Amino acid sequence: MADEARHIEVFTRRVRLKGRAPGLSSAGGQASLKTLLDEADFSVSAFLLSVLGEGTFVSLLHFMHAHAPDPVTRQIARLAARDEARHVAFGMSHLAARLEHDPGFRTRLANAVQSRNDALSAGAGLNEEVFDALILLAAGEFTPAAIATGYARVQTLMLEMAQGRQARLERLGFSKATAGALSALHTRNFM
Ligand SMILES: [Fe+2]
């Protein structure tokens, strides 16, 4: 929680550095985060948040580290990714320990991913402004050729995120097929 509070402070300061206001936080994004708070079982919540959400975010932060336009933003992304990787490792070891004592808990985890997907299926998924911003970030300039490159880089990012989720799920003992299905059900807003 201390790490996350620091991230909020640092990213907010970065946004306001040149006097700009923060962008949008969509109703879909907020509903997605609320499902994590509403989850009563700590291990289920840790699974959804740390293994799936924060794991996906590590890829996003590496992407920002690679493509951010200034050294301060790149450094912020690098340091936040290091914190998030630690949160993912904590979640993975917690889940591995719980599953070792209770292998049947895997079914509960799979059901939680499905229920969360059901609960959020009415939402629009990833805010289009966010998607466009990532493309522009990776493009680096406004020429059509650069935008096409940015688009391709965001497609690669999505693939890397899915592959990362799949690998972590398999490490927790899910079959390849189940891991693929659960990875595909993860929220489209990354978290
Ligand atoms: Fe985190």
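Bear in mind the structure is a predicted one, so any value in this text is a computation, not a measurement.

Thresholds applied
Residues numbered from 1 in each chain as written. Predicted model: local features only at pLDDT ≥ 70, side-chain atom pairs only at ≥ 80, totals over all residues. Helix = DSSP H or I, 4+ residues; strand = E, 2+ residues; numbered from the N terminus. Rg over C-alpha atoms; globule rule 2.2 N^0.38 Å. Buried ≥ 20, exposed ≤ 12 C-beta atoms within 10 Å, placed from the backbone. Contact = placed C-beta atoms within 7 Å. Axes fitted to C-alpha atoms, helices over the stretch in contact; angles between N-to-C directions. Left-handed = near helix turned anticlockwise from the far one by under 90°. Nonpolar A, V, L, I, M, F, W, Y, C, P; charged D, E, K, R; others polar. Core = buried A, V, L, I, M, F, W, Y, C linked by C-beta atoms within 7 Å. Expected span 1.5 Å × (residues − 1). Arc of directions from axis to C-beta.

Student: Would you mind going over the overall build of the protein chain with me for this structure?
Tutor: The secondary structure content of the protein chain amounts to eight helices and zero strands. Since a compact globule built from 191 residues should have a radius of gyration of about 16 Å, the 17 Å found for the protein chain is in line with a globular shape. When its C-alpha atoms are laid out on the principal axes, the protein chain stretches across 50 × 35 × 30 Å. Counting the 191 residues in the protein chain, one finds 28% classified as buried. Relative to all contacts within the protein chain whose residues are 6 or more apart in sequence, the contacts with residues 24 or more apart total 68%.

Student: What am I meant to see in the packing of helix α3 (residues 42-67) against helix α7 (residues 144-171) here?
Tutor: In a packed pair of helices, the relevant descriptors are the angle between the two axes and the axis-to-axis distance. Across the interface, α3 lies against α7 with an axial gap of 9 Å and an inter-helix angle of 145°. The two elements α3 and α7 cross, and the hand of that crossing is right-handed. Touching Val 51, Leu 52, Gly 55, Thr 56, Ser 59 and Phe 63 of α3 are Leu 157, Glu 160, Met 161, Gly 164, Arg 165 and Arg 168, all from α7. Across the contact of α3 with α7, the residue classes tally to five nonpolar, four polar and three charged.

Student: So what exactly am I meant to see when it comes to the nonpolar core here?
Tutor: What tends to happen in soluble globular proteins is that the nonpolar side chains get buried as a cluster. Ranked by size, the top nonpolar core spans 32 residues in total, and within it Phe 47, Leu 48, Leu 60, Leu 61 and Ala 112 carry the most contacts. Counting only elements with at least two residues in this core, the list comes to α3, α4 (71-101), α5 (105-120), α6 (128-139), α7 and α8 (176-185). Considering every element that reaches this core, the biggest residue donor is α3, with 13 residues. Excluding residues within four positions of it along the chain, Ala 112 makes contact with Val 44, Phe 47 and Leu 48.

Student: Sorry, what's going on with α5 here?
Tutor: Over its 16 residues, α5 extends 23 Å from the first C-alpha to the last, a length consistent with the 22 Å expected when each residue adds 1.5 Å. Buried within α5 are the following residues: Leu 109, Ala 112, Val 113, Arg 116 and Leu 120. For α5, the angular spread of buried residues about the axis comes to 95°, placing them on one side. Those residues of α5 that are exposed and angled more than 90 degrees off the buried face are Thr 107, Asn 111 and Asp 118. In this structure, the buried residues of α5 make contact with α2 (27-38), α3 and α8.

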